[in-house]
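Given next are the chains, with one letter for each unit.
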Amino acid sequence: MTVLEVRDLYKGFGGVQAVAGISFGVAEGELLAMIGPNGAGKSTCFNMLNGQLRPDGGSVHLNGRDITGLPPRDVSRLGVGRTFQITATFGSMTVAENVQTTLIAHHRGLRGLWRPAAALHRDAAMALLERVGMAEQADRACGVLAYGDLKRVELAVALANDPMLLLMDEPTAGMAPGERVELMALTAEITRERNIAVLFTEHDMDVVFTHADRVIVLNRGKLIAEGTPEDVRANRRVRELYLGESAEAG
Amino acid sequence: MTGQIVVQFLTGLASAASLFLIAAGLSIIFGVTRIVNFAHGSLYMLGAFIAYSLTQRLAAGTAYGFWISVLLAAFVVALIGVVIEILMLRRIYRAPELFQLLATFGVVLVVQDAALWIWGPVDLMGPRAPGLDSAVDILGQRLPEYDIALIVISPVVLGLLWLLFHRTRWGILVRAATQDREMVGALGRNQAWLFTSVFFVGAFLAGLGGAIQLPKGGADLLIDLNVIAAAFVVVVVGGMGSITGAFLAAILIGELQAFAVLVLPESTLVIMFLAMAVVLVVRPWGLLGRPMGEHAPGQAAEPLLRPATPRARLAWAALIGLLLVLPLIAEDFTLTLTIEIVILALFAASLHFIMGPGGMVSFGHAAYFGLGAYGAALLATTLNTPMELALLAAPVVAGLGALVFGWFCVRLSGVYLAMLTLAFAQIAWSVVFQWYEFTGGEDGLLGIRRTPWADDRIVFYYLVLAACGVAIYAMRRMIFAPFGYAVRAGRDSRLRADAIGIDCRRFDWMAFLVAGAMAGIAGGLYVYSKGSVFPDEMSIPRSVDGLVMVLLGGVQTLSGPIFGAAGFTWLQDEISRLEYWRFILGGTIIGLVLAFPQGLGGIWRQIEALIRRRRATGIEAGR
Ligand SMILES: Nc1ncnc2c1ncn2[C@@H]1O[C@H](COP(=O)(O)OP(=O)(O)OP(=O)(O)O)[C@@H](O)[C@H]1O
Ligand SMILES: [Mg+2]
């Protein structure tokens, strides 16, 4: 069953055609990797999928419903979780509070004016943090965490609104190589268990080829290849594109 | 008729000149240093006063004497600007933005009293400019020759600035620094030099603006705040950091005012702020401005907001206990002062509500204090409404105001939002000030009496204590409730808040409503504590008082605004009988900012940290 269906998406910034007509789909429980060199248009594509940017053309469907041009908060409420290339968390809150706030928002409880938020959904938040390996640091300020830990918190936050689709823009950027594979393994485990569709971008080919079910390759705003990790690895155009990284990819 | 229109048009252009100069200076300084220099109006005022003194001495009565005086005055002001930059601002560039603002408020106060001391309290009439002291005839209408000189000056200055910024290495550096913040950090040691020189140029322009308007407006002690409000409007309408934008905006505002005089003289005070509100709603970054990033790079992360520790609870209980028994031990004037402190603590706490958790700096929070005050007072004087009802109506009136103004304000962010709050406050103020039949204008509304049961000072004290206590406690609860988390989420990271489904704008708006209504409660109580109300209650100085209280107390601590209000009100009361109390107050503010960049509330934390460290070393030593 297709969760996300992207058709003919376009976006330009002034003279730059950042995304020039791409189409793909992500199925339930599938991990789809979007790879491509710097500036290929990956983040731009992500930002159109969750409503941060309005596409110049094309459409985005979530579970058959047209969500093109909806603002991010509505897209989120329809069951899309997101992590950012540069982590975005609430720095004045603890790790647990970050997750709790998301849970409160998910349960439409943000209008509460009296009962302290710290007591709400605490157990559910701790369970999520346990899952991503951040339970010990639950009461630390988000602002002081190591970057790799922040990425974990973001994963917990993205999972907190019970998504059917997870958009992860470079989930392991800035982490040590070992940590990367580990985090992505964790993500794969959780999302398979919950049957969540995942679209992620990644520069580390080890991570991509170990965990992705399918790979799409973006260059200069266009899809140049698509298929299983093996197909894509064997693809001549992809090899040319990644010549500099062929050691890592091979 | 055509003659009148043409002359009015030229008058508008002439009045745009000094507006452009001060605004250009403000804009350049902001662009490079990111400091909103509230003291820029003070530099302008100094320009006027110094030019006055110089024209009296230097070849008085000759044209070259006059123009040399004008240029020399601007130069002296530029040096004063450099001194301020080196002695004060340079030490706090790394402090939170708002603390820099607070420091510049301190400078405003100090300069006010310095000017009072040097030039005295009497308004000074500017000398006519020799050689330009008559009028020319245009289509049957008379236009002062000096106006023509002013009309010529601003495009000339604009041209010179253009050359400076496009043809010199320094100017290119300044433009690069304005556009790319990262680059400023990479400058290293040269950064200090760049900032100082930018202050020199900015202050020079402010001084020049003050000096050239001397023949038209003279010099008095009120121009600093009047002109800073106008300069903010021009800078914001033009777009922060854009000099051409400031030029266009100055002309726009100058013309609007010139023609408003013809059509509807009462509207002159409002028109400028209305224009700004309209421009900002259509173009949120001004005519030629560009969007500013969500967060300035390198800005420290917000500290955690924690509920009170057991020890802090104990301290609060002790404070409340003391306040409860105060009438038994204190004299009348202490009680009166405490009433005022408690009311202003609520005012400050309400401002803190949007500034701290909301991250929205308001330069015009007095609007809601004043709306509450006038709402209650008008109900009492026109409809004979009893006190109880009028006090309940105060937050409703203020809340409605906040709902309307807030709807526009939450569409903007940062400095632009702050300026728009200022604009709305000035609009509210000028309506109250000019609608004499309804509000009594400058004379205010008098003879507002408390209900007999609350007439006694002690009873009223308890009423104020209860109302403000409940209101402050309610805001505290809200901050720790989901609502507060939603508001804070929007401040910490818009991106993330959006992505988890929070409608940030709506929550900001509701926070505005809460803050406005709470300020309204304070305003209503204030009226009944004084028995009267004047437009001052919603003027810029009142807004600034609130800001100083919050900033002194520390934006990051919830108790901050309360201590800030207490400290500020007490200090003001102690020294207000002295002739130069502003000097002392301003000096104190500057001293505190330099000594405790985390605010008075932060002192407590610093002490606690010290105790903890002592104890830790004590334990180690004991081993
Ligand atoms: N807001 C913007 N304004 C102008 N140009 C932009 C904007 N955002 C992206 N671009 C341009 O669009 C192109 C695609 O950028 P994008 O960030 O989507 O690439 P990416 O594939 O995510 O790269 P990276 O791997 O470095 O994250 C780039 O040329 C970039 O400069
Ligand atoms: Mg990217």
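Cut-offs applied
- Residues numbered from 1 in each chain as written.
- Chains lettered and ligands numbered in written order.
- Predicted model: local features only at pLDDT ≥ 70, side-chain atom pairs only at ≥ 80, totals over all residues.
- Heavy atoms only, no water.
- Pairing = 2+ DSSP bridges.
- Helix = DSSP H or I, 4+ residues; strand = E, 2+ residues; numbered from the N terminus.
- Contact = heavy atoms within 4.5 Å.
- Buried area = accessible area lost by both parts, 1.4 Å probe.
- Salt bridge = Lys/Arg side-chain N within 4 Å of Asp/Glu carboxyl O.
- Polar contact = N/O pair within 3.5 Å; in protein donor to acceptor, adjacent residues only side chain to side chain.
- Nonpolar A, V, L, I, M, F, W, Y, C, P; charged D, E, K, R; others polar.
- Buried < 20%, exposed > 50% of the residue type's maximum accessible area, 1.4 Å probe, protein only.
- Near = heavy atom within 4 Å.
- Domains from an automatic or database assignment.
- Phe/Tyr/Trp six-rings, centres within 6.5 Å; stacked < 30°, edge-to-face > 60°.

Engineer: Honestly, the sheet that holds strand E5 (residues 65-66) of chain A in this entry has me stumped. Any pointers?
Structural biologist: Within a sheet, each strand pairs with its neighbour through backbone hydrogen bonds, oriented either parallel or antiparallel. All names here are of chain A. If you walk across this open sheet you meet the 4 strands as E2-E1-E4-E5, and the pairing is antiparallel. The open sheet has two edge strands with one neighbour each: strand E2 (16-27) and E5. Here 2 bridges tie strand E4 (residues 57-62) to E5, and the two strands are oriented antiparallel to one another. Its bridge partner being in E5, Leu62 is matched across the sheet by Arg65.

Engineer: I would appreciate a short explanation of the interface of chain B and chain A in the present structure.
Structural biologist: By a widely used convention, the size of an interface equals the accessible area lost when the partners come together. With 32 residues of chain B in contact, the opposing surface of chain A contributes 35 residues. Taking both partners together, chain B and chain A bury about 2900 Å²; carbon and sulfur atoms supply 63% of that area. The tally of links between chain B and chain A comes to 3 salt bridges. Counting across the chain B and chain A interface gives 17 residue pairs in polar contact (both at pLDDT 80 or more). The set of elements that each furnish at least two residues to the side of chain B that touches chain A consists of helix H19 (457-480), helix H20 (482-492), helix H21 (494-499) and helix H22 (504-530) of chain B. It is H20 of chain B that provides the largest number of residues to the side of chain B that touches chain A, a total of 8 residues. Looking at the side of chain B that touches chain A, its residues break down into 20 nonpolar, 2 polar and 10 charged.

Engineer: Would you mind showing me how to read unusual backbone geometry here?
Structural biologist: In most cases, non-glycine residues show a negative phi, while peptide bonds are predominantly trans. Positive phi, normally seen in glycine, also occurs at Asp162 of chain A, with a value near 50°. Residue placement: Asp162 of chain A occurs in the loop between helix H5 (147-160) and strand E7 (165-169). The class of Asp162 of chain A is exposed, set by a relative accessible area of 55%. Phi is positive for Asn384 of chain B, close to 55°, though the residue is something other than glycine. Inspection of the secondary structure assignment puts Asn384 of chain B in the loop between helix H15 (366-383) and helix H16 (387-409).

Engineer: Explain the pairing of strand E3 (residues 31-35) of chain A here, please?
Structural biologist: For a regular strand, the rule is simple: side chains alternate between the two faces of the sheet. Residues and elements named next belong to chain A. Of all 5 residues in E3, 5 are buried, a share of seventy percent or more. Alternating residues of E3 divide into Leu31, Ala33 and Ile35 and Leu32 and Met34, and every residue in both groups is buried. With 4 bridges connecting them, E3 and strand E8 (residues 197-201) associate as parallel partners. Bridge assignment links Leu32 to a residue of E8, and that residue is Leu199. Bridge count for E3 against strand E9 (residues 214-219) is 4 bridges, and the pairing is parallel. Opposite Ile35, over in E9, you have Val217 as the bridge partner.

Engineer: Looking at this structure, how should I read the site of ligand 1?
Structural biologist: All names here are of chain A. Near ligand 1 you find 13 residues, and of these Asn38, Gly39, Lys42, Ser43 and Thr44 are the closest. Asn38 has a polar side-chain atom sitting 2.8 Å from an oxygen atom of ligand 1. Here an oxygen atom of ligand 1 sits 3.5 Å away from a polar atom, N or O, in the side chain of Glu170. Every element with two or more residues in the shell around ligand 1 is listed here: E2 and helix H1 (42-49). Looking at which element gives the most residues to the shell around ligand 1, the answer is H1, with 3 residues. Split into classes, the residues belonging to the shell around ligand 1 amount to 4 nonpolar, 7 polar and 2 charged.

Engineer: For this particular structure, what's the right way to read the domain arrangement of chain B?
Structural biologist: Residues and elements named next belong to chain B. Taken as a whole, chain B is organised into domain 1 (2-282) and domain 2 (334-577). Using only C-alpha atoms to locate each centre, domain 1 and domain 2 end up separated by 31 Å. Contacts between the two partners involve 23 residues from domain 1 and, on the opposite side, 26 residues from domain 2. For the domain 1 and domain 2 pair, buried surface summed over both sides reaches about 2300 Å², with 88% attributable to carbon and sulfur atoms. Sorting the residues of domain 1 by area buried against domain 2 places Leu98, Leu269 and Phe273 first, and these three jointly supply 23% of that buried surface. Run the count over domain 1 and domain 2 and you get 0 salt bridges. Joining domain 1 to domain 2, the criterion identifies 1 residue pair in polar contact (both at pLDDT 80 or more).

Engineer: Where do I start with the pattern of salt bridges in this structure?
Structural biologist: Pairing is possible between side chains of opposite charge, provided their charged atoms come close. Residues and elements named next belong to chain A. Across all of its chains, the model carries 22 salt bridges over all chains by this definition. A salt bridge links Arg131 to Glu193, with the shortest nitrogen-to-oxygen separation between them at 2.8 Å. You can see Arg131 sitting in helix H4 (residues 122-132) and its partner Glu193 sitting in helix H6 (residues 177-194), a full 62 residues away along the chain. Look at Arg131 and you get partly exposed, because its relative accessible area is 25%. What you see here is one network of salt bridges that share partners, running through Glu30, Arg214 and Glu226.

Engineer: Could you clarify how one ought to interpret the packing of aromatic side chains in this entry?
Structural biologist: Two aromatic rings, taken as a pair, are described by how far apart their centres are and by the angle between their planes. All names here are of chain B. Applying the stated criterion across every chain, the model contains 26 aromatic pairs over all chains. Ring geometry for Phe75 against Phe200: centres 5.9 Å apart, planes inclined by 75°, an arrangement best described as edge-to-face. Highlighted residues: Phe75 in helix H3 (residues 63-87) and Phe200 in helix H8 (residues 190-212), separated in sequence by 125 residues. Under the relative-accessibility criterion, Phe200 is labelled partly exposed at 26%. Measuring from centroid to centroid gives 4.8 Å for Tyr93 and Phe195, while their planes differ by 80°, and the two rings are edge-to-face. Placement of Tyr93 in the loop between H3 and helix H4 (97-119) and of Phe195 in helix H8 is noted, with a sequence separation of 102 residues between them. One aromatic cluster is present, formed by Tyr368, Phe405, Trp407, Phe408, Phe424 and Phe512 through successive ring pairs.

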